[in-house]
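# Reading the structure
So the chains spell out like this:
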Amino acid sequence: MQDNYFEPDLETAPREVLHWIQSRRLVKMVENCYNNVPLYKKRFDEMGLLPGDIKSIDDIHKLPFTYKTDLRDNYPFGMIAVPKEQLVRIHASSGTTGKQTVVGYTKNDIDVWAKGAARALVAAGATKSDYIHVSYGYGLFTGGLGLHYGAEMLGATAIPVSSGNTKRQVDILRDYGSDFLCCTPSYAMYIGETVRDMGIDPKTLKLRGGIFGAEAWSENMRREIEKILDIKAYDIYGLSEIAGPGVSFECKEQTGMHINEDFFYPEIIDPETGEQLPDGEYGELVFTCIGKEALPLLRYRTRDICKLSHKPCSCGRTLVKMSKTRGRTDDMLIIRGINVFPSQVEHVLLSLNMEPNYQIIVDRKNNLDTMEVQVEMSDQMFSDKVRNLEDVEHNIAAALQSTLNIAAKIRLVEPKSLPRSEGKAKRVIDKRHI
Ligand code: DLL
C-alpha cells in the first residue's frame, strides 16, 4: 500500500486495463446470472439474448435492467446465485415501503466490499495506526459492519460503537482518542452538538476526519460538520443491493466520489427512456456488480440521481467519479407540480446560516398542496429575543421562492425541539398519503 491508495495498481490503472478487467468480469458474471438466477434466465429468453452475445463491457446496454421490485418479488433469497454453503453473510435494507430487500455475500464478496471501504478510508487519509470509531448502526443495515471490515482490511483499529447513546459516543471519542468517525452526516451533526453541549472544545479531541454517508448531504452541511467537530469531512456512498458503503468514495480533491468500477460498473441513464447519458448529464445511476458471486445484479436501477465524470483527478486515481446525488427519483416531492428535493431545501437554509435541523411537512388542503418548513433556531437566535424572527421567516420563504420557485410557510421552532437522528434522518412528513 502506498500513502494515498489502498490498491494503487487498480485505483490508478490505465483506462484500457480497467476496460479489460471489466469486460472479463462481465462475461463471467453474465454466465453466472443466466445459469443460476431463474429470473435472469427468463428475462434473457424473453429478449432472445444469450450469454455469448455479451463479449465485452461495451455490450452492457444489451442487458436487461433489474429493479428493487425484482428483489422484493423474490424475497428473501430468490435471486441468490450460490448454494447456501457458500453464503457467509446476509444483510437487508428496510426501506420505507414494502418488504425488506435481502442481500447475501460469499466470503469473496465480503472481501471485495471490505476492500472498497478500505480504499475509502485511505483516500480520506486514514492509516493502519488509526482508531476508526464506527457509529453507523450494526445489524442488517450495512453501514456498521461495512466500515468495520474496511477498517480491519486496512489494518487499522475498528471501534464498533454502533449508533445511539450519544454522550457515550463523545466519551469514547475523547477517552480512546478516535482518529476517524464514521456515521451518517446527520448523526455527525448531532454528535458535534453534543460535544458542544458537554462543554468540550473539539480541538482537544484527536479526531482528524470523518467518513459520512448513507444519505444525501450538501456542501454547506460539510462545512457545518467540519466546524463543529474541527475535522475534514468525506463523503462515502453505497447501497446494500450492490455491496454496502464503499461503492464510491471521496479523495482529497473532493470533487466527486471515485467509483470502485473494477467491481461496480456504473451507467447514467435517462430514467424515462432507459437510454445511456454522457458524462456531465444528470440521470439515474445504474450499477452492474461485475465480480460479485452471491448477488450478481445486472444494471440495477438505484433511483439515485447524479452525473459521472471521467476527467483526470489530481489524486491520480483513474476511477470514474460520480457527483453527490441530487436526490432519489422516489424521494423527490412533487408539490403543486414543482419538483422539490429535501437536499435543495437544506442547501437554501444553510446558505442563510441556519443550522441544518429542519423538517418538511407536506399536506393537501382544499385540493391544494401545502408545504411547511419547520426550522430550528440556534440558541443564539433564540436568546436574541423574538424581535426579528418574522424577518428571518420571511427571508427563508423568499429564498425558497427564488431558488425553488415554491411558496412555503416557514415556522421557526425552539432550539432542540426537532427529533435528532442516529441513523438516516427523516426530513419529510408527507401527510398526503396518510
Ligand atoms: O445506506 C449503505 C451505506 C452505509 C452507504 C453507510 C454509506 C455509508 P442502503 O441502506 O441500502 O445502504 O441505502 C442506499 O442510501 O441508494 C442512496 O439513496 C442513499 N445513500 C447512500 N450513501 C449516500 C451518499 C446504505 N453518500 C441508499 N449520498 C442509496 C447520498 C446516499 N445518498
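Each chain has its residues counted from 1, running along the sequence as written. This being a predicted model, a pLDDT of at least 70 is required before a residue's local features are given, and a value of 80 or more before pairs of side-chain atoms are given or counted; all residues contribute to the totals for chains, interfaces and linings. With hydrogens and water set aside, each side-chain value is computed from the structure's full complement of heavy atoms.

Now for the packing of aromatic side chains. Paired rings are identified among Phe, Tyr and Trp, the last through its six-membered ring, by centres lying within 6.5 Å, and are further divided according to the angle between planes into stacked (under 30 degrees), edge-to-face (over 60) and tilted (the rest). What the rule picks out here adds up to eight aromatic pairs. The side chain of Arg-89 reaches across the aromatic face of Tyr-149, ending 4.6 Å from its centre. Only lysine NZ and arginine CZ atoms are considered, and such an atom sits over a ring when it is within 6 Å of the ring centre and within 35 degrees of the ring normal. Over the ring of Phe-65 we find Arg-301; its NZ or CZ atom is 4.8 Å from the centre of that ring.

The disulfide criterion used throughout: a pair of cysteine sulfur atoms within 2.5 Å. On inspection of all chains with the given rule, the structure shows zero disulfides. The structure places no disulfide on Cys-33, whose sulfur is separated from the nearest cysteine sulfur, that of Cys-289, by 8.5 Å.

Right, let's talk about the sheet that holds strand 11 (residues 283–288) for a bit. At least two DSSP bridges between two strands are required for those strands to pair. For the purposes of this entry, the term helix denotes a DSSP run of H or I that reaches at least four residues, the term strand denotes a run of E that reaches at least two, and both are numbered from the N terminus. Reading across from one edge, 10-11-12-15 is the order of the four strands in this open sheet, with antiparallel pairing throughout. Two strands in the sheet have a free side with no partner beyond their single neighbour: strand 10 (265–269) and strand 15 (327–328). Across five bridges, strand 10 lies against strand 11 in antiparallel orientation. Bridged to Ile-268 within strand 11 is Leu-285.

Another aspect to go through is helix 8 (residues 185–197). An ideal rise of 1.5 Å per residue puts 18 Å on 13 residues; helix 8 measures up with 18 Å between its terminal C-alpha atoms. Throughout, exposure labels follow a simple rule: accessible area from a 1.4 Å probe, protein chains only, divided by the maximum for the residue type, with under 20% read as buried, over 50% as exposed, and the rest as partly exposed. Across the 13 residues that make up helix 8, a large majority, ten, are buried. Inspection of helix 8 places Pro-185, Ser-186, Tyr-187, Ala-188, Met-189, Ile-191, Gly-192, Glu-193, Thr-194 and Val-195 among the buried residues, and these make up the whole buried set. Contact partners of the buried residues in helix 8: helix 7 (166–177), strand 5 (180–183), strand 6 (209–213) and helix 9 (219–229). Of the residues trailing helix 8, Gly-199 is marked for its positive phi of about 75 degrees. Here a helix's expected span is defined as the number of its residues, less one, multiplied by 1.5 Å. Between two residues, a contact is recorded if the distance between any of their heavy atoms is within 4.5 Å.

Turning next to the sheet that holds strand 21 (residues 428–430). Pairing between sheet strands relies on hydrogen bonds along the backbone, with the strands arranged either parallel or antiparallel. Strand order in the open sheet formed by four strands is 20-19-18-21, with mixed pairing between adjacent strands. Each having just a single partner strand, strand 20 (409–413) and strand 21 make up the two edges of the open sheet. The sheet shows a mean angle of 20 degrees between the axes of neighbouring strands, taken without regard to direction. As judged from the eight bridges shared by strand 18 (residues 358–365) and strand 19 (residues 368–376), these two strands associate in the antiparallel manner. What sits directly across from Asp-363, in strand 19, is Thr-370. The strands touched by helix 10 (residues 342–351) within the sheet are strand 18, strand 19 and strand 21, with strand 18 carrying the most contacts at an inclination of about 125 degrees. Only C-alpha atoms enter the line fits that serve as axes; for helices the fit covers just the stretch in contact. Angles between N-to-C directions range over 0 to 180 degrees.

This part covers the nonpolar core. Counting residues in hydrophobic clusters, the biggest one holds 48 residues, and the most contacted among them are Leu-26, Leu-63 and Phe-287. Those elements giving two or more residues to this core turn out to be helix 2 (15–36), helix 3 (38–47), strand 2 (101–106), helix 5 (107–123), strand 9 (257–259), strand 10, strand 11 and strand 12 (300–306). The greatest single-element share of this core, amounting to five residues, is contributed by helix 2. The residues touching Leu-63, leaving out its near neighbours within four places in the chain, are Leu-26, Val-30, Phe-44, Met-47, Leu-49, Ile-54, Leu-298 and Arg-299. Judged by nonpolar contacts, the second largest core, of 26 residues, contains Val-345, Ile-396, Leu-400 and Ala-408. Put simply, a nonpolar core is a bunch of buried Ala, Val, Leu, Ile, Met, Phe, Trp, Tyr and Cys residues held in one set by side-chain atoms that sit within 4.5 Å of each other.

Let us now look at the pattern of salt bridges. A carboxyl oxygen of Asp or Glu within 4 Å of a side-chain nitrogen of Lys or Arg is what we treat as a salt bridge. Enumeration according to the criterion identifies 34 salt bridges in this entry. Arg-222 is paired through a salt bridge with Glu-250; the nearest N and O atoms lie 2.8 Å apart. Linking Arg-222 in helix 9 with Glu-250 in strand 8 (residues 245–250), this pair joins segments that are 28 residues apart in sequence. Each of Glu-7, Glu-11, Lys-115, Arg-119, Asp-262 and Arg-317 takes part in salt bridges that share partners, so that together they form one network.

Let us look at the site of the ligand. Any residue with at least one heavy atom within 4 Å of a molecule or strand is counted as near it. Neighbouring residues of the ligand: 21 residues in total, closest Asp-235, Ile-236, Ser-240, Asp-304 and Lys-424. Polar contacts, as counted here, are pairs of nitrogen or oxygen atoms within 3.5 Å of one another; within protein the pair requires one atom able to donate a hydrogen and one able to accept it, and residues that are adjacent in sequence qualify only if both atoms are side-chain atoms. The backbone of Ile-236 places a nitrogen or oxygen atom 2.7 Å from a nitrogen atom of the ligand. The separation between an oxygen atom of the ligand and a polar side-chain atom of Asp-304 is 2.6 Å. For the ligand, the protein covers 92% of the area, taking 610 Å² as the surface of the free molecule. Every element with two or more residues in the shell around the ligand is listed here: helix 6 (142–154) and strand 7 (232–238). Throughout, the Shrake-Rupley method with a 1.4 Å probe supplies accessible areas, and for residues the shown protein chains are the sole cover considered.

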